[in-house]
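Given next are the chains, with one letter for each unit.
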Amino acid sequence: MSDLEFLFNPQEIAVVGASASPQKIGYSILNNLILSGYPGKIHPINPKEKEILGLPCHSSVGKVKGKIDLAVISVPASLCIQVARECGEAGVKGAIVITAGFKEVGGEGLKLERELQAVGKKYNMRLVGPNCVGLMDTHTPINASFAVGFPEKGTISFISQSGAMLVAILDWSFQAGLGFSRFVSLGNKADLSEIDFIESCTADPNTKVILVYAEDVTDGEKFVRVCTEAGKIKPIVILKSGTSTAGAQAASSHTGALAGSNRAYDTAFRQSGVLRAENMSELFDLGRAFSTQPLPGGNRVAIITNSGGPAIIATDAIEKSGLRMARFNKPTIDQLHDNLPAESNIYNPIDVLGDARVDRFRFALQMAFEDENVDSVMVILSPTAVAEPEETAKTIMEFKDKYPHKPVFAVYMGGKTLVESKGILLAGSVPTFTFPESAVRALEGMVRYAEFRRTQDEAPSTLLLPPQVDKNTVKATFYDVIKDRRVLLLAHESSRVLDAYGIPVNCTYLTTTADEACRISQEIGFPVVLKVSSPRIAHKSDVGGVEIGLHNRREVEGAYKRIMERVSRYMPDAPIYGIEVQKMVDDGVELIIGMSRDIQFGPMIAFGLGGIYVNLLEDVSFRLAAALNNRKTIEEMIAETKAYTLLKGYRGQKPADMEAVIDAVYRTAQLVQDFDEITEMDINPLRVYNCGATGLDVKITISLD
Ligand code: ACO
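Values in this document were obtained by computation on a predicted structure and should not be read as measured data.

Conventions adopted
Residues numbered from 1 in each chain as written. Predicted model: local features only at pLDDT ≥ 70, side-chain atom pairs only at ≥ 80, totals over all residues. Heavy atoms only, no water. Helix = DSSP H or I, 4+ residues; strand = E, 2+ residues; numbered from the N terminus. Buried < 20%, exposed > 50% of the residue type's maximum accessible area, 1.4 Å probe, protein only. Contact = heavy atoms within 4.5 Å. Areas by Shrake-Rupley, 256 points an atom, 1.4 Å probe, with all protein chains shown as cover. Lys, Arg positive; Asp, Glu negative; His and termini not counted. Charge placed at Lys NZ, Arg CZ, Asp CG, Glu CD. Core = buried A, V, L, I, M, F, W, Y, C linked by side-chain atoms within 4.5 Å. Salt bridge = Lys/Arg side-chain N within 4 Å of Asp/Glu carboxyl O. 1 Å grid on protein atoms, 1.4 Å probe; cavity = no way out; pocket = protein on both sides within 12 Å on 5 of 7 lines; lining within 4 Å. Points joined across faces, edges and corners; volume = space filled by probe spheres on them. Nonpolar A, V, L, I, M, F, W, Y, C, P; charged D, E, K, R; others polar. Near = heavy atom within 4 Å. Polar contact = N/O pair within 3.5 Å; in protein donor to acceptor, adjacent residues only side chain to side chain.

K.L.:
Go over the overall build of the protein chain, please, and point to the residues and values.
P.N.:
Along the backbone of the protein chain there are 25 helices and 30 strands. Seen through its principal axes, the protein chain has C-alpha atoms that stretch 95 × 80 × 45 Å. With 705 residues in all, the protein chain has 56% of them scored as buried. Partitioning the intrachain contacts of the protein chain with sequence separation of at least 6 by distance along the chain shows that 70% fall at a separation of at least 24. Working note: accessible area of the protein chain is about 30200 Å², and carbon and sulfur atoms make up 51% of it. Computing the positive centroid from 74 side-chain charges and the negative centroid from 86, the protein chain places the two 3 Å apart.

Written as structure tokens, this is what we have:
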């Protein structure tokens, strides 16, 4: 775990560029440190002043007697390198560089940032920023930032790549009644990134949940590794902005078109147990939920309400989510029946009716909390004339304390008349919402995370043995392709690559005359398939470049000529290398196994229903290739798709050879990890039978670098 104690709990701090002028940022930082109640020593640094805000001032860090752990730098960019060097020489362990004008402005700024990085490295001084607001820890307490105010003490850490977002959330948090343990503004991430702070907040005993606003991730591989470990200890929720599909649009393979960088983030987050928030309100709803509630034991929710409509909305939202409406056991139903008015709904949702006062809510709460088929409770209240929202709020809090192992959420639907009661609930650490859908989303996030924790606690699936492969054949094939100044492998080359990795493939033979095609067909046995071979033609059937079911020499000869004619008509400029001959294979379940390489997270494998409707059906699941080293992960990946139903044997069909599928996925993941030069790949379709499988069409694209 990373140890950034010198940032969050330093013994002595220097504020370089501290100013006596209240309009300056250097003044705000010093003032914030003092007001936060920071218990260590503060040293303002300013060559022009003797004293600022009652503290003795030094002309430089080097002049301070004592050991400075942290320097907050707020001098113009042109002075930063010199100041950083002085800090390094004085043995400062960490520097927060508030100053803007670095990488974000490009050109000279980028050069300056590299110099700053070099200084940090030379002196082993860790850097936050530059171009950041600073950081805070309410438990130390320390406010080393120029934000306005200091958050309430709490258990949420918020790490933000945007400084503006951080100050906005801080300001909002006062009225939202949300407490924080830490606030971190990342700025340009010249050195320390979200990964370091996720590690540090994981080790922080005062943090229960880590929230991140990220525009990008610094190092995809390390991110996955760190978050997977951190996620075993506490939840991480990330709002990732910039969900562009530009990468996907540029892709030439089916997998590439389905993947895109947004999907890679989704896949990486899910694999490492990170919850992805859709928007700001969800990010903080989840923060509040995790910081105040226990993890739910399962997904079964009980709803208690005085309002029919909102309860139906909540039920719909639950049914659409990964949650389920709890089915009460018989004694619960009997007791509800005997004690609530006859018109009440005693099945879930429990409708205590519009004229309910607190006593009916209390009784229903008792029943729901006691029922072992209930994992969490949601109270939905509408402000009728007889409702007692404040009394009900206090009652909910009583139950929260009495049953600390079951989460409880409140949906108080209304505004003006519910201000006070909502305040009571929030102060009592009950996540409170105005509308049911957001409550359901937050609860669903908790359930998903709890499920991740449970799977992590299970015995890990044994790693699969490294497959026997022939790397030299693959290397030699790529060498020939690159020599030909091509990036797309021809079918006979792709089939050689797959064969070298033991991935089942229907061998392809390249022929250059109709006669040769006939001879090969005879050798491999009829019926056969003929396909055009051209580096410019990716989707062969679209240009009439494929003929199937050819049973004799005459049919092969005819097909050869027809394909040549059609292709030269539709694509007169495409170079034709010849016609490929493949044995015609039997029908079977058609799958796709593909790969697209993400710039951040590396090779990502796709699995799903194959054939020509891949992009239309989008029945595809994704995993980072590195994770596909054990059976359980591959099985889960397969089971997420509708293709799985077909493989198991749909409507009386015999089950397909699942072992062959698992093996093909595993070997494909190995291949793309062994050869970085493969940029995209599709095996589509991979036809699977009761016994065995075979790849019919294989597309591999490599990079020329
Ligand atoms: N050591 C110590 N102090 C020094 C030194 C030195 N070597 N040299 C100068 N100083 C003093 C100055 O004399 C001045 O003190 P004074 O007020 O007594 O004169 C003080 O340091 C600050 O220097 P100024 O030249 O007055 O600089 P100023 O305060 O105007 O600006 C700042 C400095 C704030 C760092 C500015 O360059 C900057 O980057 N502003 C943008 C900050 C920002 O937006 N960061 C990103 C936040 S994220 C978001 O967008 C919300």
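Right, picking up where we left off after that structure.
K.L.:
Any details on the nonpolar core? Residues and values, ideally.
P.N.:
Taken as a class, soluble globular proteins show a tendency for nonpolar side chains to be buried jointly. Core analysis: the largest hydrophobic core is formed by 53 residues, its most contacted members being Leu7, Phe197, Ile198 and Phe223. No other element matches helix α7 (residues 220-230), which puts 5 residues into this core. Beyond its immediate chain neighbours, meaning those up to four positions away, Phe223 contacts Ile195, Ile198, Val217, Ile238, Phe269, Ser272, Val274 and Phe601.

K.L.:
So what about the pattern of salt bridges? Which residues, and what values?
P.N.:
Counted by the stated rule, this structure contains 34 salt bridges. Taking the shortest distance from any N to any O, the salt bridge between Asp334 and Lys330 comes out at 2.9 Å. Residue Asp334 and its partner Lys330 are located together in helix α13 (residues 330-339), separated by 4 residues, close to a single helical turn. In this structure, Asp587 and Arg687 form a salt bridge, with 3.8 Å as the shortest nitrogen-oxygen distance. Of the two residues, Asp587 sits in the loop between β24 (578-583) and β25 (589-598) while Arg687 sits in strand β28 (residues 678-688), which places them 100 residues apart along the sequence. Salt bridges here are not isolated pairs; linked through shared partners, they connect Asp137, Arg182 and Asp204.

K.L.:
Requested: an account of empty space enclosed by the protein, with residues and values cited.
P.N.:
What the rule picks out here adds up to 1 cavity of 30 Å³ or more. A volume near 60 Å³ is recorded for the largest cavity. Looking at the largest cavity, the residues that line it are Ala491, Ser494, Ser495, Thr508, Lys531, Glu580, Gln582, Leu696, Asp697 and Val698. For the lining of the largest cavity, the elements supplying multiple residues, two or more each, are α19 (491-500) and β24. In terms of residues, the lining of the largest cavity owes the most to one element, α19, which gives 3 residues. Classifying every residue of the lining of the largest cavity by side-chain character gives 3 nonpolar, 4 polar and 3 charged.

K.L.:
So, the site of the ligand: which residues are in play, and what are the values?
P.N.:
Neighbouring the ligand are 24 residues; Ser19, Lys24, Asn46, Lys48 and Ala100 lie closest to it. Within the backbone of Gly17, one N or O atom sits 3.5 Å away from a nitrogen atom of the ligand. Separating a nitrogen atom of the ligand from a backbone N or O atom of Ile98 is a distance of 2.9 Å. Expressed as a share of its isolated accessible area of 1000 Å², the protein-covered part of the ligand is 71%. Counting only elements with at least two residues in the shell around the ligand, the list comes to α3 (77-89) and α5 (163-176). The residue inventory of the shell around the ligand, partitioned by class, reads 14 nonpolar, 7 polar and 3 charged.

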